[in-house]
Amino acid sequence: MHEWALAESVVKSASKHAASEKLRRLSEIGVVLGELQAIDRDIFSTALRELLKDSPPPACGFKLIEEAASFKCRPCGREFTLEHLKKTDEEGENIHFIPELAHAFLACPACASPDFEVKSGRGVYIKYLKGEK
Ligand SMILES: [Zn+2]
C-alpha cells in the first residue's frame, strides 16, 4: 500500500540519518505531509508506529505536520493556494484524491493561466529529527 511504502522510506532515512549523527535514540521525528499527497493519515500513522518498532535506533514518537499546497503562476507571478481555487466541493475532492490532475482543474486566479508551478504541498519528507547521542 501507498502509505506503508511512504512510511517505510521515512523510517529508512530516519535510521540512516540517526546512524550518521550517531544518535542512540530518536525522541521525535517530524514528518511533513503535503496537502497534494493523497495520504490516509490513520494508515500512515499506524504504518510509521509499526515500522519504527523494528528499526534502529529506538524511537519514541513522531509528529505529522500538514503542509498546505501553494502554487505560483508562471506568466504573472501570482502565488495562490487551493483555498483560492476551490469552486465546488466536487472539484476540491478531485484535487484531493488525484493530485496529478491538479493541473487539469486549476488556473491562476489573477490571469486564468493554467501554467503554474507547485511550490509546496507535494510529497512526504522528514523535517526534523530529535534525538540523543
Ligand atoms: Zn497568473
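The notes below deal with the structure included here.

Structural notes on the overall build of the chain
Helix and strand counts for the chain come out as five helices and six strands. Start at the N end of the chain and walk to the C end: the helices and strands fall as α-β-α-β-β-β-α-α-α-β-β. Burial status across the chain gives 20% buried among its 133 residues.

Some details on the sheet that holds strand β3 (residues 70-73)
Taken in spatial order, the three strands line up as β4-β3-β5 in an open sheet, and their pairing is antiparallel. With partners counted over all chains shown, the strands left at the sheet margins are β4 (79-81) and β5 (116-120), one partner each. Between one strand axis and the next, the sheet turns by 35° as a mean value, whatever way the strands run. Bridge analysis of β3 against β5 gives four bridges, and the strand direction is antiparallel. Bridge pairing in β5 links Ser-70 to Ser-120.

Some thoughts on helix α1 (residues 2-20)
Owing to its 3.6 residues per turn, the α-helix brings residues three or four apart onto one side. The end-to-end C-alpha separation of α1 is 27 Å, in line with the 27 Å expected for 19 residues at 1.5 Å each. Those residues of α1 hidden inside the fold are in contact with β1 (25-34), α2 (41-53) and β6 (124-132). Taken from the residues just after α1, Lys-22 is the one with a positive phi, measuring 55°.

Quick look at the nonpolar core
Among the nonpolar cores identified, the biggest contains 16 residues, and Ala-7, Val-10, Val-11, Ala-14, Leu-26, Ile-29 and Leu-48 are the most heavily contacted of them. Elements supplying a minimum of two residues to this core: α1, β1 and α2. Among the elements that make up this core, the one with the highest residue count is α1 (six residues). Each residue touching Ala-14, except ones within four places of it in the same chain, is listed here: Leu-26, Ile-29, Ile-126 and Leu-129.

Re the sheet that holds β6
Two modes of strand pairing occur in sheets, parallel and antiparallel, and in both the strands are linked by backbone hydrogen bonds. An order of β2-β1-β6 is seen for the three strands of this open sheet, with the pairing classed as mixed. In this open sheet, the two strands that pair with only one neighbour each are β2 (62-67) and β6. Taking each pair of neighbouring strands and ignoring which way they run, the sheet shows an average axis angle of 20°. With six bridges connecting them, β1 and β2 associate as parallel partners.

Focus on the environment of Glu-8
Its location among the elements puts Glu-8 in helix α1. A residue is classified by how many C-beta atoms lie within 10 Å of it, and Glu-8, with 14 of them, is partly exposed. Separated by 44 residues in sequence, Glu-8 and Leu-52 have C-alpha atoms that sit 8.9 Å apart.

Some thoughts on unusual backbone geometry
Pro-56 connects to Pro-57 through a cis peptide bond whose omega is -10°. In this fold, Pro-57 is placed in the loop between α2 and β2. With phi around 55°, Lys-22 is a residue other than glycine that occupies positive phi space. Counting through the fold element by element, Lys-22 comes out in the loop between α1 and β1. When the 9 C-beta atoms within 10 Å are taken as the criterion, Lys-22 is described as exposed. The phi dihedral of Ala-112 falls on the positive side, at around 70°, and the residue is not glycine. With respect to the secondary-structure elements, Ala-112 resides in the loop between α5 (102-105) and β5.

The rules behind each value
- Residues numbered from 1 in each chain as written.
- Predicted model: local features only at pLDDT ≥ 70, side-chain atom pairs only at ≥ 80, totals over all residues.
- Helix = DSSP H or I, 4+ residues; strand = E, 2+ residues; numbered from the N terminus.
- Buried ≥ 20, exposed ≤ 12 C-beta atoms within 10 Å, placed from the backbone.
- Pairing = 2+ DSSP bridges.
- Axes fitted to C-alpha atoms, helices over the stretch in contact; angles between N-to-C directions.
- Expected span 1.5 Å × (residues − 1).
- Contact = placed C-beta atoms within 7 Å.
- Core = buried A, V, L, I, M, F, W, Y, C linked by C-beta atoms within 7 Å.

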